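Structure assessment
Residue strings, one per chain:
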Amino acid sequence: MSPSVSGGLNSPGSPDSPVVLAVIPARGGSKGVPAKNLATVGGVPLVVRAVRECLAARGVTHTVVSTDDDAIAEAARGAGAEVVRRPAGIAGDTATSEAAVLHAMDVHAERHGRAAEVVLLVQCTSPFLTREDVEGVAAAVTGGADSALTVAPFHGFVWREETPGDAAGGGVGVNHDKAYRPRRQDRPQDLLETGAAYAMRADGFRTAGHRFFGRTEPVRTDPARVLEIDDPHDLARARALAPLLDGGADGRPGALPARDDVDAVVLDFDGTQTDDRVYVDSDGRETVAVHRGDGLGIAALRRAGLPLLILSTEENPVVAARARKLRIPVLHGVDRKDLALKQWCEEQGIAPERVLYVGNDVNDLPCFGLVGWPVAVASAHDVVRGAARAVTSTPGGAGAIREIASWILGKELS
């Protein structure tokens, strides 16, 4: 597969597995909020938040961002998605999401030589979308529905103002008789469309031309996470809510991982266990500097019974030698770290959302999207620190891994 299309692959799957394609429309123009799809919530651009959840979702095989904007394309690729450049004819204010999805389906099929059986429309303007939302709509369609959408239980009384000139005038009840006020538990359960995620049988979508057809399955989600960003006030609300909805189990902003939160620790090597510099002697041999405190931290985590792994794109004897010294397994020379991580989790029987992954550079972002605890070292790239759930106060190669071990074990290591 060429580098231009290697991104966006969630899981290789088997040749008989259905292609489930998640499409994230993210055009550059926005009147309500300029550069909206790159606006940050919780320090992470909206398009990156959506990509991370789609890449982490089980059952989704490919993730594509459809855009006409260079900056959005760069952010999407950095997060691990494939990019489809949207033509100007379907990139204006009047362009529909359906048109973008159909175009992305055609481009993806041409690139990969196989059409998608199921297609998802995922909106990055819903900042608190979760991988469970994405999994839910995908599973509904692969399980037999023709189309699916995320919904939230809704208990409100809806009113509509009569148009001027109507004889009755005033407001009228839409989902209720204004003369009768039943208790909440006595009313039919209404469901509010969240706008976050939709799934469709690809052939049915092509025929219908719209996202709802055949048997439509509502997939329930958490009402507290329902928010669509259409104007600056929505963006301000999302930023205010992010510390609560993105934080740890206790809801505190910047909460750090504890032993009960983590079942495994996976470490990048260059830039996290080193300062990202390489020393080369006159014979071309490479050496790096590591921190003894990191070795102490890794030993403490190993004694605590946590599975550990070093995962590196570099195929370097130095990485293997350090892993032997630390007595932990290593996977190096890996082109797609996210796929290797996903496979390792499956082999170990560990849920990715229970994994802490430590990284420093943009090639770590796809792994960040898979795990529950993406952690950046203090010296990491700005985009990586923005995408992390926690950031060390110590730079890579200066004891950052020891600091993380002290978080997990709840004590200073000496």
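Residues numbered from 1 in each chain as written. Predicted model: local features only at pLDDT ≥ 70, side-chain atom pairs only at ≥ 80, totals over all residues. Heavy atoms only, no water.

Another point: the packing of aromatic side chains. Counted according to the given criterion, the structure contains two aromatic pairs. Judged by centre distance (5.8 Å) and plane angle (65°), the rings of Y198 and F212 are edge-to-face. Taken together, the positions of Y198 in strand β10 (residues 190-201) and F212 in the loop between α5 (202-208) and β11 (216-220) put the pair 14 residues apart, joining distant regions of the chain. Classification of F212 as partly exposed rests on a relative accessible area of 30%. Relative to F368, the ring of Y357 has its centre 6.0 Å away and its plane inclined at 75°; by these criteria the two rings are edge-to-face. With Y357 in strand β17 (residues 355-359) and F368 in helix α10 (residues 365-370), this residue pair connects regions lying 11 residues apart in the sequence. In terms of burial, Y357 and F368 fall into one category: buried. Here the guanidinium or amino end of R211 rests over the ring plane of Y198, the centre of that ring lying 4.6 Å away. If you follow R389 out to its NZ or CZ, it ends over the ring of W373, 3.7 Å from the centre. (Phe/Tyr/Trp six-rings, centres within 6.5 Å; stacked < 30°, edge-to-face > 60°. Helix = DSSP H or I, 4+ residues; strand = E, 2+ residues; numbered from the N terminus. Buried < 20%, exposed > 50% of the residue type's maximum accessible area, 1.4 Å probe, protein only. Lys NZ or Arg CZ within 6 Å of the ring centre and 35° of its normal.)

One open sheet accounts for six strands, arranged β16-β15-β12-β17-β18-β19; its pairing is parallel. Only two strands of the sheet have a single neighbouring strand rather than two, namely β16 (330-332) and β19 (390-391). Pairing between β17 and strand β18 (residues 373-376): four bridges, direction parallel. Paired with V358 across the two strands is V375, which belongs to β18. (Pairing = 2+ DSSP bridges.)

Moving on, we come to empty space enclosed by the protein. Counting across every chain of the model gives two cavities of 30 Å³ or more. Estimates place the volume of the largest cavity at around 70 Å³. Lining the largest cavity we find S126, F128, L129, D133, T194, A196, T221, D222, R225, V226 and L227. Here the lining of the largest cavity is built from residues that sort into five nonpolar, three polar and three charged. The volume enclosed by the second largest cavity comes to roughly 40 Å³. (1 Å grid on protein atoms, 1.4 Å probe; cavity = no way out; pocket = protein on both sides within 12 Å on 5 of 7 lines; lining within 4 Å. Points joined across faces, edges and corners; volume = space filled by probe spheres on them. Nonpolar A, V, L, I, M, F, W, Y, C, P; charged D, E, K, R; others polar.)

Further remarks concern the packing of helix α7 (residues 292-303) against helix α12 (residues 400-409). As a packed pair, α7 and α12 sit with axes 7 Å apart at the nearest point and diverge in direction by 30°. In this view, α7 runs roughly parallel relative to α12, as classed from their interaxial angle. Helix-helix and strand crossings are classified by hand; for α7 and α12 the assignment is left-handed. Judged by residue contacts, G293, D294, L296, G297, I298, A300 and L301 of α7 engage A400, I401, R402, A405, I408 and L409 from α12. Classifying every residue of the contact of α7 with α12 gives nine nonpolar, two polar and two charged. (Axes fitted to C-alpha atoms, helices over the stretch in contact; angles between N-to-C directions. Parallel < 35°, antiparallel > 145°, perpendicular 65-115°, else oblique. Left-handed = near helix turned anticlockwise from the far one by under 90°. Contact = heavy atoms within 4.5 Å.)

Even without glycine at this site, D276 takes up a positive phi of about 75°. By the element assignment, D276 lies in the loop between β12 (264-267) and β13 (279-280). Backbone geometry places R327, a non-glycine residue, at a positive phi of 60°.

Right, let's talk about α7 for a bit. For α7, built from 12 residues, the straight-helix expectation of 16 Å at 1.5 Å per residue is met to within 8% by its first-to-last C-alpha distance of 17 Å. Within α7, the full set of buried residues consists of G293, D294, G295, G297, I298, A299, A300 and L301. At its buried positions, α7 is contacted by β12, β15 (308-312), α8 (317-326) and α12. (Expected span 1.5 Å × (residues − 1).)

Glancing now at the state of the cysteines. Enumeration according to the criterion identifies zero disulfides in this entry. Left unpaired, C124 is separated from the closest cysteine sulfur, that of C54, by 9.7 Å. Overall, C124 belongs to the buried group, its relative accessible area being 2%. Here C367 stays free of any disulfide, with the sulfur of C345 as its closest cysteine sulfur at 9.3 Å. (Disulfide = S-S within 2.5 Å.)

Right, let's talk about the nonpolar core for a bit. Formed by 85 residues in total, the largest nonpolar core has its most connected members in V65, L120, V265, L341 and L356. Excluding anything up to four places from it in sequence, V265 contacts L301, L306, P307, L308, L309, L356 and I408. Residues L21, V23, V101 and A116 belong to the second largest nonpolar core, which totals 19 residues. (Core = buried A, V, L, I, M, F, W, Y, C linked by side-chain atoms within 4.5 Å.)

What follows concerns the sheet that holds strand β1 (residues 20-25). Overall, mixed pairing links the seven strands, which are arranged β5-β4-β1-β6-β10-β7-β11 in an open sheet. Looking at the sheet topology across the chains shown, the edges are occupied by β5 (82-85) and β11. Averaged over all adjacent pairs, the angle separating strand axes in this sheet is 30°, with direction ignored. Where helix α3 (residues 97-112) meets the sheet, it contacts β1, β4 (62-67), β5 and β6 (118-122), and its direction lies at approximately 115° from that of β5.

Before going further, it helps to examine the environment of H112. Within the secondary structure, H112 sits in helix α3. Looking at H112, the relative accessible area reads 23%, which means it is partly exposed. Separated by 54 residues in the primary sequence, H112 and R58 have C-alpha atoms spaced 20 Å apart. Within polar-contact distance, the side chain of H112 engages the side chain of E82 at 3.0 Å. (Polar contact = N/O pair within 3.5 Å; in protein donor to acceptor, adjacent residues only side chain to side chain.)

Now for the pairing of strand β7 (residues 147-154). The buried fraction of β7 is high, at six of eight residues. In terms of strand pairing, β7 meets β10 through seven bridges, oriented antiparallel. Residue pairing across strands places P153 opposite L191, the latter belonging to β10. Judged from the five bridges that link them, β7 and β11 form a sheet pairing that is parallel. Bridged to A148 within β11 is E217.

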